[in-house]
Amino acid sequence: EGAGLASARLELRRAIKGLLGCEPVDLSAEAEAGVGDEGAAGPAIVVGLADAVRDIWVKSASGAAGMHAGAGAGAGATEMSDIGTFGDEDYAIRSGNDGSVYLLGGGEKGVLYAAFGFIRLLQTGGDIRGLQTVERPAYPLRMIDHWDNADGSVERGYAGGSLFFNDGRLGERMDRIRDYARLTASIGINAVAVNNVNVHAEETRLLAPERLADVARVADVLREYGIALYLSVNFAAPIELGGLVTADPLDTAVAAWWRDTTDEVCRRIPGFGGYVVKADSEHRPGPFTYGRDHADGANMLADALAPHGGTVIWRCFVYDCKQDWRDRRTDRACAAHDHFMPLDGAFHDNVVLQIKHGPMDFQVREPVSPLLLGLRRTQIALELQVTQEYTGQQRHLCYLLPMWKEVLDFDGGDGRTVADAAGGLKREAGLEARGGGADERREWRGGLAAVANVGTDLNWTGHLLAQANWYGFGRLAWNPSASAEAIGREWIRMALGLDPTVEETVIRMLMDSHAIYESYTAPLGVGWMVNPNHHYGPNVDGYEYSPWGTYHYADRYGIGVDRSVATGTGYAGQYPAFAAAMYETPQTCPDELLLFFHHVSYDMRLKSGKTVIQHIYDTRFEGAERAAGLLTSWDSIADRLPARVYVEVRERLACQAEHAQEWRDQLNSYFYRKSGIPDARGRTIY
Ligand code: GCU
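What you are looking at is a predicted structure, and each value in this text was computed from that prediction instead of being measured. (Residues numbered from 1 in each chain as written. Predicted model: local features only at pLDDT ≥ 70, side-chain atom pairs only at ≥ 80, totals over all residues. Heavy atoms only, no water.)

(A) Representation of the overall build of the protein chain within the structure. Check the secondary structure of the protein chain and you find 24 helices and 17 strands. Taken over the C-alpha trace, the protein chain has a radius of gyration of 26 Å; the compact-globule value for 686 residues is 26 Å, and the two agree within 12%. If one aligns the C-alpha atoms of the protein chain with their principal axes, the spans along those axes are about 85 × 65 × 50 Å. Scored against the burial criterion, the 686 residues of the protein chain give a buried share of 59%. Contacts in the protein chain between residues far apart in sequence, at least 24 positions, make up 69% of those at least 6 positions apart. Per element, the accessible surface of the protein chain, about 25,000 Å² overall, is 51% carbon and sulfur. If the 67 positive side-chain charges of the protein chain are averaged to one point and the 92 negative ones to another, these points end up 2 Å apart. (Helix = DSSP H or I, 4+ residues; strand = E, 2+ residues; numbered from the N terminus. Rg over C-alpha atoms; globule rule 2.2 N^0.38 Å. Buried < 20%, exposed > 50% of the residue type's maximum accessible area, 1.4 Å probe, protein only. Contact = heavy atoms within 4.5 Å. Areas by Shrake-Rupley, 256 points an atom, 1.4 Å probe, with all protein chains shown as cover. Lys, Arg positive; Asp, Glu negative; His and termini not counted. Charge placed at Lys NZ, Arg CZ, Asp CG, Glu CD.)

Pasting the structure below:
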């Protein structure tokens, strides 16, 4: 029996005991021990590889009470044609006519996902009769990236320290790591990068032979749950670790160093996922130093991983972070498209370009990155940020799924959505020619990746309700057409129980929260306005004259960044024709992105009928009020919640309500003073 089957069996035992209060009889374990009588009486939960348990399923008129795992004996044969085509991760849950339930996986991972799928049904109060579920993940890559440092800190982490690292050591909290693997696998995640994309000296050494034992121990636990471990690597590792004089990707000694290093990594870590690379970005080294391009860099690493089946996840977050604010032609938003579009089709088959959902950096409102739809001959992964760096740092409630859904559903006007693009669907010829497969999806390595929001805090995410983002990311990566609300309700039932009043209250809080957060922070898509470095709290000019290229250009006449083709930076022209035309003029640009694409006067009228300045005032006032309303909602279910849960979340919501007022006042005062235009409703603005 493989690790996936063993984990599935273990999870079912625990879940049945925990949820139903009875210890299931494990018939396969009894059979292995030579006791018990398989096939004794009554319905069972039959768990196993679709092929192996086919016979038992067919024979489902009679069975033993309890649980079978693995390949079972039995006679008979019939059609289960859909199961015949199951991939490793696909699964079916079926009810037999004897009352048994069959959890059938195409491979071991499928069995594990079937077990978790069934547990989810039990836990959410679903009907377990008449089940005919067949599930296949939409994407082969469903990845979580940890920005964890060797010293135990987490970059942009708001839930305590690192689960993986402690004082330079990796894998000391093995129980917690195992629980993390269970939770993460239960939402279908199959890839985890354990260290920060900013790879410092200490993490560079993770590739050193003496450190690999620690990495391997963590990988072993993740593997039991069908998760491949990835490492973020330092592009300059051949110099810093290997003692070479260069990290030039076209230098044969460099390529050989990576090959040898990778051979050893893969020898020590069976099923190693591959490398995540942040190169030539925010002071990290990369191929530009040697006059090479990013295809040269990524392909060299890909060649080292190819014999082992590994993947290079190459990030497209490449831009000039030493900008001069007076230079209005350089536009950070253009950078990823400028750098990577010319390389479309130049990457090897085991390279996936990981692209942030917006062209800037995980703001509460950004347009969709045009690179996601632009690349047609390159494998891609959409990168989301579960950790709430710019969305309230897990002190504010901000359920991110409504925003992610907008990203996934976005199409440039030709019916091909970002969700399609991340799944390699409807792409142009080129990849197929190399992959050679009839079924495009099988050859595709791309999908969804997200920056983790978990840490050593007991409730994993600091703000308990922020768990819904982690949960929701996994569920969307499995099925991007699921709705934000359905996923939210699932999470509520699993985390807070089946009380309908709790569910209705919390789902409204979740579903409203992103709009609320947006309505008291930076307006109309302009972004930022946060305190430098830690990025928490309002500071309208915090980044205005900095080198990072994140400007709003507010002056006494107006605000916003002209990114039109006609008079601005030209960014709008990076979109497919329909979207490009829509964003090009203030008249056609959607209100919520107006200031991202255009510099307009404060008295310009929005489609809503309000002027820009009045919109800013009104939404800041409403936003702060609605933030306070979240607290009132939570208080209304106080006696329906476990005391600790109530108190912990209440504390965060109270803090949010207070800080939302600060946002309101800082922004309203700033724009009142700048524009000189008073609030039409005469409210107090300082
Ligand atoms: C943001 C974030 C950084 C991070 C970077 C990245 O800029 O603030 O902490 O390193 O994104 O995605 O690489």
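Text resumes after the structure shown.
(B) Seen up close, helix 8 (residues 212-224). The end-to-end C-alpha distance of helix 8 is 18 Å, a good match for the 18 Å that 13 residues give at a rise of 1.5 Å each. If you check which residues of helix 8 are buried, you get Leu212, Asp214, Val215, Ala216, Val218, Ala219, Val221 and Leu222. Check the buried side of helix 8 and you find it contacts strand 8 (169-170), helix 6 (174-186), strand 9 (191-193), strand 10 (228-233) and helix 10 (252-268). Positioned one or two residues after helix 8, Gly226 has a phi angle of 70°, which is positive. (Expected span 1.5 Å × (residues − 1).)

(C) Region of interest: the nonpolar core. In this structure, Trp258, Trp314, Trp634 and Phe671 are the most contacted members of the largest nonpolar core, which totals 202 residues. Apart from residues no more than four positions distant in its own chain, Trp258 is found in contact with Leu207, Val233, Asn234, Phe235, Ala237, Pro238, Tyr275, Met300, Leu301 and Ala304. Of all hydrophobic cores here, the second largest spans 9 residues; its members include Ala44, Val53, Phe86 and Tyr102. (Core = buried A, V, L, I, M, F, W, Y, C linked by side-chain atoms within 4.5 Å.)

(D) Examining the site of the ligand more closely. Contacts to the ligand come from 13 residues, most closely from Glu155, Lys278, Arg315, Lys356 and Glu389. A distance of 2.6 Å separates an oxygen atom of the ligand from a polar side-chain atom of Lys278. Contacts to the ligand include Glu282, whose side-chain N or O atom sits 3.2 Å from an oxygen atom. Within the complex, the protein chains bury 96% of what would otherwise be the 320 Å² of accessible surface of the ligand. Residues of the shell around the ligand, tallied by class, amount to 3 nonpolar, 2 polar and 8 charged. (Near = heavy atom within 4 Å. Polar contact = N/O pair within 3.5 Å; in protein donor to acceptor, adjacent residues only side chain to side chain. Nonpolar A, V, L, I, M, F, W, Y, C, P; charged D, E, K, R; others polar.)

(E) A look at the pairing of strand 1 (residues 44-49). Counting buried residues along strand 1, 5 of its 6 residues qualify, which places the element largely inside the surrounding structure. Examined bridge by bridge, strand 1 and strand 4 (residues 101-105) share 5 bridges and lie parallel to one another. By the bridge assignment for strand 4, Gly48 is matched with Leu104. (Pairing = 2+ DSSP bridges.)

(F) Up close: the environment of Tyr583. With respect to the secondary-structure elements, Tyr583 resides in helix 21 (residues 577-584). Placed 564 residues apart in sequence, Tyr583 and Leu19 show a C-alpha to C-alpha distance of 51 Å. Sequence-distant contacts of Tyr583, defined by excluding residues within four places in its chain, comprise Pro367, Phe410, Ala572, Tyr575, Cys589, Pro590, Leu593, Phe597 and His598.

(G) Local environment of the pattern of salt bridges. The tally for this structure, following the rule as stated, stands at 43 salt bridges. In this structure, the salt-bridge partner of Glu485 is Arg489, at a minimum N-O distance of 3.0 Å. Placement of the pair is Glu485 and Arg489 together in helix 19 (residues 484-496), with a separation of 4 residues, close to one helical turn. A relative accessible area of 19% places Arg489 in the buried class. (Salt bridge = Lys/Arg side-chain N within 4 Å of Asp/Glu carboxyl O.)

(H) Representation of the side chain of Ser7 within the structure. When you line up the elements, Ser7 lands in helix 1 (residues 3-20). The class of Ser7 is buried, set by a relative accessible area of 4%. Apart from the residues within four sequence positions on either side, Ser7 is in contact with Leu112, Glu224 and Tyr225.

(I) Quick peek at the environment of Gly171. Its place among the elements puts Gly171 in the loop between strand 8 and helix 6. Residues Gly171 and Glu662, 491 residues apart in the sequence, show an inter-C-alpha distance of 41 Å. Not counting chain neighbours up to four residues away, the residues in contact with Gly171 comprise Phe164, Ile177, Arg217 and Val218.

(J) Up close: the packing of aromatic side chains. According to the stated counting rule, one finds 26 aromatic pairs in the structure shown. Ring centres 5.9 Å apart and planes at 55° place the aromatic pair Trp460 and Trp470 in the tilted group. One end of the pair, Trp460, is in the loop between strand 15 (447-451) and helix 18 (467-478); the other, Trp470, is in helix 18, and 10 residues separate them in sequence. Per residue, the accessibility class of Trp460 equals that of Trp470, and both read buried. It is Arg328 that lies over the ring of Tyr553; its NZ or CZ is 3.7 Å from the centre. (Phe/Tyr/Trp six-rings, centres within 6.5 Å; stacked < 30°, edge-to-face > 60°. Lys NZ or Arg CZ within 6 Å of the ring centre and 35° of its normal.)

(K) The side chain of Asp618, seen in detail. Tracing the backbone through its elements, the reader meets Asp618 in helix 23 (residues 612-636). Every residue in contact with Asp618, bar those within four places of it in the chain, is listed here: Lys610, Asp679, Arg681 and Arg683.

(L) Quick look at the pairing of strand 11 (residues 274-277). Where strand 10 and strand 11 come together, 4 bridges link them in parallel fashion. Following the sheet pairing, Tyr230 is matched in strand 11 by Gly274. Bridging between strand 11 and strand 12 (residues 311-315) involves 4 bridges; their strand directions are parallel. Its bridge partner lying in strand 12, Val277 is registered against Trp314. Crossover connection from strand 11 via helix 11 (residues 294-305) to parallel strand 12: handedness right-handed. (Right-handed = clockwise from strand over helix to strand, strands pointing away.)

(M) Spatial organisation of the state of the cysteines. This structure, assessed with the given rule, holds 0 disulfides. With no disulfide partner, Cys334 has as its closest neighbouring cysteine sulfur the one in Cys589, 15 Å distant. (Disulfide = S-S within 2.5 Å.)

(N) Structural view of unusual backbone geometry. In the Ramachandran plot, Phe362 falls in the positive-phi region, its phi being about 55° despite a non-glycine side chain. Structurally, Phe362 can be placed in the loop between strand 13 (351-356) and helix 13 (370-374). Although it is not a glycine, Gln393 sits at a positive phi angle of roughly 50°. Inspection of the secondary structure puts Gln393 in the loop between strand 14 (380-385) and helix 14 (401-409). For Gln393, a relative accessible area of 6% corresponds to the buried category.

(O) How the structure looks around the sheet that holds strand 13. Strands sit in the order 6-9-10-11-12-13-14-15 around a closed barrel of 8 strands; the barrel is parallel. Across the sheet, the mean angle from the axis of one strand to that of its neighbour is 25°, orientation sign disregarded. The pairing of strand 6 (residues 141-145) with strand 15 spans 5 bridges and is parallel. The residue of strand 15 that forms the bridge with Ile144 is Ala450. Along the sheet, helix 8 makes contact with strand 9 and strand 10, crossing strand 10 at roughly 140°. (Axes fitted to C-alpha atoms, helices over the stretch in contact; angles between N-to-C directions.)

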